[in-house]
2 protein chains.
Amino acid sequence: MSGRHHSRPTGADEDRECQDIRETLSRIGDKWSVHVIGSLIEGPMRYNRLRRAVSGISQRMLTLTLRLLERDGLVKRDVLHTAPPTVEYQLTALGETLIEPIRALSHWAREYRHEIRDARSSFDSRSG
Amino acid sequence: MSGRHHSRPTGADEDRECQDIRETLSRIGDKWSVHVIGSLIEGPMRYNRLRRAVSGISQRMLTLTLRLLERDGLVKRDVLHTAPPTVEYQLTALGETLIEPIRALSHWAREYRHEIRDARSSFDSRSG
DNA sequence: CGGAATCCTCATTGATACTG
DNA sequence: CAGTATCAATGAGGATTCCG
């Protein structure tokens, strides 16, 4: 996670980098954030449509997830003054910068899913 | 998370990709895995040294985390027949492939940490 | 439509003590 | 040294109900 060039990284460098990555992971590594972000890639979306897009999410968790993403500046919330009220969510510019790194992880997961599955069943059979 | 070329992705594509990414995130998005992986990048390491490297981790969680990483084929556990026993952990080839995507997220976290901090304090002051 | 509030459950984690 | 076993606490998440 550290070690630029060929020099040994200091422990402090490591700690700071691990902090950074852990912060990001706790932001998007929860149960729903990536699903929500993934849905919003397609474009702005309203609350109930988002709810259908992210199948399985409860109303509580959708609201909570959106609030946290909004708080971190990754998602923008727009209230349109209609009756009944219309609320639209979309990725911010900052939110869009997250797409690439997430996609990288997604590709990794894709590429190695079978190796992981095999490693698992092998481990499980060894353990009884 | 999908949308290759310019064609609209199907919902099924999206779901599958979100599944993949969620699986990866639940594997490494827990409280300790990234710390452990980050420490093992430097090379093989024994249990107690790892424990000191990942400061704050309990014995229980270190063992648990290592088991899960081993199960998924990301970490290799070697028992050296000495007295007292010596156990060495290291990343597998598969484990090493994870370094790059993790580093990408790490860089993202670094690059935008201030924007996120500002977004947060702005949001919090708006909310009271 | 787009939530907020409440209650409840279960999974994750930590602390502690013990062991080959 | 490198764990295992047990228990207690914390907190994320789901279900339900109510609201402007």
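To be clear, the structure that these remarks concern was listed above.
Everything in this summary refers to the structure shown in the same document. (Residues numbered from 1 in each chain as written. Chains lettered and ligands numbered in written order. Predicted model: local features only at pLDDT ≥ 70, side-chain atom pairs only at ≥ 80, totals over all residues. Heavy atoms only, no water.)

Residue and element names in this part refer to chain B. Bridging between strand β1 (residues 45-46) and strand β3 (residues 86-91) involves 2 bridges; their strand directions are antiparallel. Each residue of the ladder has a partner; that of Arg46, found in β3, is Glu88. Here 6 bridges tie strand β2 (residues 75-80) to β3, and the two strands are oriented antiparallel to one another. Residue pairing for β3: Arg77 is matched across the bridge by Tyr89. (Pairing = 2+ DSSP bridges. Helix = DSSP H or I, 4+ residues; strand = E, 2+ residues; numbered from the N terminus.)

It is worth spelling out the protein's contact with DNA strand C at this point. The environment of DNA strand C is made up of 19 residues, and the closest members are Gln59, Thr63, Arg77 and Tyr89 of chain A together with Arg60 of chain B. Within 4 Å of the protein, the atoms of DNA strand C are drawn from sugar and phosphate moieties in a proportion of 62%. In the environment of DNA strand C, a phosphate oxygen lies 3.2 Å from a nitrogen or oxygen atom belonging to the side chain of Arg67 of chain A. The contact in question runs from a phosphate oxygen of DNA strand C to an N or O atom on the side chain of Trp32 of chain B, over 3.2 Å. Elements with a minimum of two residues in the surface near DNA strand C: α3 (47-53), α4 (59-71) and β3 (86-91) of chain A together with α4 (59-71) of chain B. With 4 residues, the single largest contributor to the surface near DNA strand C is α4 of chain A. Residues of the surface near DNA strand C, tallied by class, amount to 8 nonpolar, 5 polar and 6 charged. (Near = heavy atom within 4 Å. Polar contact = N/O pair within 3.5 Å; in protein donor to acceptor, adjacent residues only side chain to side chain. Nonpolar A, V, L, I, M, F, W, Y, C, P; charged D, E, K, R; others polar.)

Bringing helix α6 (residues 99-126) of chain B into the picture now. Residues and elements named next belong to chain B. Taking 1.5 Å as the rise per residue, α6 with 28 residues should run 40 Å; its terminal C-alpha atoms sit 38 Å apart, in good agreement. The sharpest bend along α6 measures roughly 55 degrees and falls at Tyr112. Ile99, Pro101, Ile102, Arg103, Leu105, Ser106, Trp108, Ala109, Tyr112, Ile116, Ala119 and Phe123 are the residues of α6 that are buried. (Expected span 1.5 Å × (residues − 1). Bend = angle between axes of the 7 residues up to and from the residue. Buried < 20%, exposed > 50% of the residue type's maximum accessible area, 1.4 Å probe, protein only.)

Looking now at the side chain of Thr24 of chain B. With respect to the secondary-structure elements, Thr24 of chain B resides in helix α1 (residues 11-28). You can call Thr24 of chain B buried: its relative accessible area is 0%. When near neighbours in sequence (up to four residues on either side) are disregarded, Thr24 of chain B contacts Leu105, Trp108 and Ala109 of chain A together with Gly29 of chain B. (Contact = heavy atoms within 4.5 Å.)

Across the boundary between the two partners, chain B contributes 52 residues, which contact 52 residues of chain A. Buried surface at the junction of chain B and chain A, summed over both partners, amounts to about 5,400 Å²; 58% is from carbon and sulfur atoms. For the interface between chain B and chain A, the tally reads 4 salt bridges. Joining chain B to chain A, the criterion identifies 13 residue pairs in polar contact (both at pLDDT 80 or more). Counting residues per element, the ones that place at least two in the side of chain B that touches chain A are α1, α2 (33-40), α4, α5 (93-97) and α6 of chain B. Per-element tally for the side of chain B that touches chain A: the top contributor is α6 of chain B, with 18 residues. Classifying every residue of the side of chain B that touches chain A by side-chain character gives 22 nonpolar, 9 polar and 21 charged. (Buried area = accessible area lost by both parts, 1.4 Å probe. Salt bridge = Lys/Arg side-chain N within 4 Å of Asp/Glu carboxyl O.)

Looking now at the environment of Arg22 of chain B. Structurally, Arg22 of chain B is set in helix α1. In this view, Arg22 of chain B contacts Gly29, Asp30, Lys31 and His35 of chain A; residues no more than four positions away in its chain are not counted. One polar contact links the side chain of Arg22 of chain B to the main-chain carbonyl oxygen of Lys31 of chain A, over a distance of 3.5 Å.

For the match of chain B to chain A, the screw axis carries a shift of 0.0 Å, the RMSD comes to 0.1 Å, and the turn is 180 degrees. Accordingly, the operation relating the two chain copies is best matched by a two-fold axis. Identified as the residue of chain B closest to the rotation axis by C-alpha distance is Gly29 of chain B, at 2.5 Å. With an isologous cut-off of 70% or more, the 100% of interface residues of chain B that recur at the interface of chain A puts this contact in the isologous class. (Least-squares fit on C-alpha atoms with pLDDT ≥ 70 in both.)

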